Amino acid sequence: MPHSVPGRRGKPRFDDEESRFEKRNRHRLRLPAEDEILAGHGLADGERWSTWDQSTPTERGPRPHPAWLITELAATDTELGIIKTGKEADVFLLRRGVPETSRACLLAAKRYRSAEHRLFHRDSEYLEGRRVRESRDSRAMANRTAAGRQMIALQWANSEFAALCQFHRAGVPVPYPVQVLGTELLLEFVGDPDGTAAPRLAETGLRGGGLIDLWQQLVAAMTVLARLGLAHGDLSAYNLLVHRGRLVMIDVPQVVDVIVNPRGGEFLDRDAANVGKWFTARGLTGLPAGVPDPAALPAFLRAEARLR
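Residues numbered from 1 in each chain as written. Predicted model: local features only at pLDDT ≥ 70, side-chain atom pairs only at ≥ 80, totals over all residues. Heavy atoms only, no water.

**Student:** What is the right way to look at the pairing of strand β11 (residues 246-249) in this model?
**Tutor:** The side chains of a regular strand alternate, residue by residue, between the two faces of the sheet. As defined by bridge partners, strand β10 (residues 240-243) adjoins β11 across four bridges and the pair is classed as antiparallel. From the neighbouring strand, L241 faces β11, where its bridge partner is V248. (Pairing = 2+ DSSP bridges. Helix = DSSP H or I, 4+ residues; strand = E, 2+ residues; numbered from the N terminus.)

**Student:** Before we go on, may I ask you to explain the environment of L187 in this structure?
**Tutor:** Looking at the element boundaries, L187 is found in strand β8 (residues 184-188). Residues L187 and P175, spaced twelve residues apart in sequence, show a C-alpha to C-alpha distance of 6.1 Å. Beyond its immediate stretch of four places on either side in the chain, L187 contacts L107, A108, L164, P175, Y176, P177 and V178. (Contact = heavy atoms within 4.5 Å.)

**Student:** Can you walk me through the packing of helix α6 (residues 212-227) against helix α7 (residues 264-281) in this structure?
**Tutor:** Each packed pair of helices is defined by two parameters, the angle between the axes and the distance between the axes. Two numbers describe how α6 lies on α7: the axes approach to 12 Å, and their chain directions differ by 175°. As the angle between them shows, α6 and α7 are arranged roughly antiparallel. Across from L214, W215, L218 and M222 in α6, the residues of α7 making contact are D271, A272, V275, G276 and F279. Considered class by class, the residues forming the contact of α6 with α7 number seven nonpolar, one polar and one charged. (Axes fitted to C-alpha atoms, helices over the stretch in contact; angles between N-to-C directions. Parallel < 35°, antiparallel > 145°, perpendicular 65-115°, else oblique. Nonpolar A, V, L, I, M, F, W, Y, C, P; charged D, E, K, R; others polar.)

Structure follows, in structure tokens:
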């Protein structure tokens, strides 16, 4: 169901993640010039000091930190616009730079909704097999109180950060997880230096033989996850990005442990079926020997995960 979010002038508008993103992504965000950002004294509207020093070592991405990442405490974060509006979170483009220098990087800031929003319409099925130590916290989350919804938002932000760190270490193609702080997750921006975000797979228009390499990349990534006993949990052509021929997996807060979750095998099958259906509908042909086709992918992944 679409949900209401504030519009430009404070009036509510209704948004749907999949239908709106394609429209939004036609508009390229204009990156301000360096002198515009540094003009004047102090922090301008849309700026803040870098939050890097506010996160603990466990709230920062895997070491070694990439060379492009700005970690100087004197850096500022400048908000440049919105990349994507979603059901549970919005993604913004940030420029983190050191004033009076040329050092800067682009980040994607994924911000989970605060307690006044209706959160995670399907979260109960993903939470099976997860535990919260405090029984009162469990009750608050189950009853969807204001405090409970805030706990859910924090849990999902931290769950996504932990999953991205694990995926990154395992070699799964995901955005580098920079840091998590409360309900805000900072990620590597997947796109071009001018602020143009990489398109989703569903928006590429690729067909037939042009999909072979992407299919092989996807099978390889899903195989790594299956061997770890994991499934993305909500995989589709809408949460796979394509940047310069490279497939990048995004939106992983609902990652499922297929061994612990009693429905783990179903999630693995559903991920395989979702992407397989999309590739089949667009005429995927000519796969090399040894690469499972869409029809064979569910059984292949179950075998890799050692599920019957």
